[in-house]
Structure formats: C-alpha cells, structure tokens
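So the chains spell out like this:
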Amino acid sequence: DDMSVGYGGLPNEDGVVELDSSGMYGPTHTAGAVAALRNIKNPSKVARLVMERTDHVLLVGEGALKFARAHGFKEEDLLTEKSRAVWLRWKETMSDRDNWFPPKSDSVPEELRSVMSTHGTINCIALDAAGRLAGVTTTSGLSWKLSGRVGDSPIIGAGLYVDNDIGAAGSTGRGEANLQTCASFRIVDFMGRGMTPEQACLKVCEVIVAKTKLVSRLCDDRGLPKFGLNFYALNKKGEFGAACLYQGGSYAAHDGVENKLRDAAYLYKRRERNR
Ligand code: ASP
C-alpha cells in the first residue's frame, strides 16, 4: 500500500518501477550496489550479493537483473493496481498537448490525488557491539523519473558511505543534489576531522544550498532550494545525528537503550520551503 518506495512505489514515466540500492560493510571496506533494477522486490539483497559474490561494486539495468536471476530471485511486477492507476492519471493529466486524456469520471480516489508526485528511500546505518559499522540505502527513486535515471542511493559516497575507522552516513531526498556533492562521503570526512554527526550533516546541507544557488531554476524567490534533502550519520563511538534542509524531518534511532523517532536538525524553517 505504500507508494513511496519499493513494491507498489510510484514508477518511472513509462509506468515501470525501477529500484536502486547499495550496501557497504565497514570491516572490509567493501560495497555492492544495483541501479535501475526492474522486477525484483528486494534490491538491497541483490546489492549485498554483488558485494559478497563478485569483485564488482555496481551492476545496472539488464545486467543487474540477470545477476539477480542467476541467484534465484523471483521476478514479479512491482506495479500494484493502485500505483498503476495513479501513474495513469499523471500521464493523462500531464498535458493537453498530447494524445492522452483522463476518463470523464476520474478512477483515482480523491485521497490518492495528493500523491501525484513522490519519492521515498530507506537508509539504515548501524554499529554493533564489536565496533563494526555497516549501512544500506534502498529506493524506488523519484516518481515519473526518466527511464534509466539513477539517483544517489546506489552510488557509494553519495547515498551511502561507511568508513569503519570514522563512521557512516546516508541520505534521502532529491538525489541529484547529492550526486553533485558526494554528500555522504563528505559527512564521514567531516566527522573524521572532528565534527559531531549532526554538525557534519548540517555542514553538508550548507554546501548543498551554496551549490544550488548557482542554478536559479532549482531555487525559490529567496534563492533557497525548492527540494528537500536529508542526511543521517553515525560515528564510531555510537553518536548519531541527522539534518535536513528544511524543518520537519525526523529519523528513527536506537541508542542501545531505546528505539524512537527523533527530530532532525535543519537549516531553514518549513514555511520558507516552496515545493
Ligand atoms: N534519494 C532518492 C533518489 O534521488 C529519492 C528519495 O530519497 O526519496 O533516488
């Protein structure tokens, strides 16, 4: 039922769900990833096998699917009836200068119309009692993306980075801005230079804002990004933190005692956001 990520996630512009995922294991500094993978429900498991059963890091598209098949993954249609209906409505109402148009009585229920464009990702980073760090990022990416578009999630250093001597970081939100700044790598690097996880996440948010200012199309009338981007970080000592461009983000963290949702730090108040 969740249309933000994975099975049932909103598809690309052709109505096909394409998934990206990466994993990285600190003790061996090894990583595996898949991008633009179709028909496989659990791309993170395939990414893990790329890490554990090949000498490569990233497999894409048809090659990633062939690799998943070789490992016995079952192919299935990841588009649910609900996400197909929402995709079709998007397609039919996108323009009056093409040959698609919606039926007179709209088949998409009212409550689903607000989900006309979405994105969703899961980033999970962890430290165990033996001091081993690891992470995973997995996503269906941006809805209505161009076929073959790959986001930040499967790119080591962007959507995920782990250095067992320092810490781990990951991201959700508009992947293009992350790809252009290698944000997860930077966060880990900032932590290596003495910043707390939260300070490092905030610092990278500042970098994103500064670089986005160079492209007016992506900025609102105050010169701030029109998109959202969120970062999560954990250091070798088990300290953690998160930051978003805009107020309102939260993240789940287990501190060894309890698991709870916490507020992420942010640069700007939500009212300044203009999506
Ligand atoms: N970061 C993902 C991407 O750009 C999307 C998301 O986090 O929602 O593919």
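Everything below is about the structure shown above.
Below: a short report on this structure. (Residues numbered from 1 in each chain as written. Predicted model: local features only at pLDDT ≥ 70, side-chain atom pairs only at ≥ 80, totals over all residues. Heavy atoms only, no water.)

A few words on the packing of helix α1 (residues 43-53) against helix α2 (residues 61-70). Where α1 contacts α2, the two axes come as close as 10 Å, and the packing angle between them is 85 degrees. Classified by the angle between their axes, α1 and α2 sit roughly perpendicular to one another. Taken together, the residues of α2 that come into contact with α1 (itself represented by Val-46, Leu-49 and Val-50) are Ala-64, Phe-67 and Ala-68. (Axes fitted to C-alpha atoms, helices over the stretch in contact; angles between N-to-C directions. Helix = DSSP H or I, 4+ residues; strand = E, 2+ residues; numbered from the N terminus. Parallel < 35°, antiparallel > 145°, perpendicular 65-115°, else oblique. Contact = heavy atoms within 4.5 Å.)

Examined against the element boundaries, Tyr-7 turns out to sit in the segment before β1 (18-25). Look at Tyr-7 and you get partly exposed, because its relative accessible area is 38%. When sequence neighbours within four positions are dropped, the list of residues in contact with Tyr-7 reads Asp-2, Lys-41, Asp-77, Leu-78 and Thr-80. (Buried < 20%, exposed > 50% of the residue type's maximum accessible area, 1.4 Å probe, protein only.)

Strand pairs in the sheet, formed through backbone hydrogen bonds, run parallel or antiparallel to each other. As summarised here, the arrangement of the 5 strands in space is β6-β7-β8-β9-β12, forming an open sheet in which the pairing is mixed. Looking at which strands have only one partner, the edges of the open sheet turn out to be β6 (160-163) and β12 (265-268). Across the sheet, the axes of successive neighbouring strands diverge by a mean angle of 15 degrees, strand direction being ignored. Pairing analysis gives 4 bridges linking β6 to strand β7 (residues 167-173), with the strands arranged antiparallel. Considered in β7, the bridge of Tyr-161 is made with Ala-169. (Pairing = 2+ DSSP bridges.)

Strand order across the open sheet formed by 5 strands is β3-β2-β1-β5-β4, with mixed pairing between neighbours. In the strand order of this sheet, the two ends are held by β3 (58-60) and β4 (119-127), each with one partner. The mean angle between the axes of side-by-side strands here comes to 5 degrees, regardless of whether they run parallel or antiparallel. Bridge analysis of strand β2 (residues 30-38) against β3 gives 3 bridges, and the strand direction is parallel.

What follows deals with the pattern of salt bridges. What the rule picks out here adds up to 12 salt bridges. Of the charged contacts, one joins Arg-38 and Glu-18 as a salt bridge, the two residues approaching to 2.8 Å between their closest N and O atoms. Of the two residues, Arg-38 is situated in strand β2 and Glu-18 in strand β1; the sequence distance between them amounts to 20 residues. Given the relative accessible area of 31%, Arg-38 is considered partly exposed. (Salt bridge = Lys/Arg side-chain N within 4 Å of Asp/Glu carboxyl O.)

In terms of nonpolar packing, the biggest core is built from 38 residues, with Ile-187, Ile-208, Phe-227, Leu-229, Phe-231 and Leu-245 touching the most fellow members. Counting only elements with at least two residues in this core, the list comes to β6, β7, α5 (183-192), α6 (197-212), β8 (229-235), β9 (240-246) and β10 (250-254). With 6 residues, the single largest contributor to this core is α6. Dropping the residues within four chain positions of it, Leu-229 is found in contact with Ser-171, Thr-172, Gly-173, Arg-174, Ala-177, Asn-178, Ile-208, Ala-243, Cys-244 and Leu-245. (Core = buried A, V, L, I, M, F, W, Y, C linked by side-chain atoms within 4.5 Å.)

Keep in mind these numbers describe shape, not what the thing actually does.
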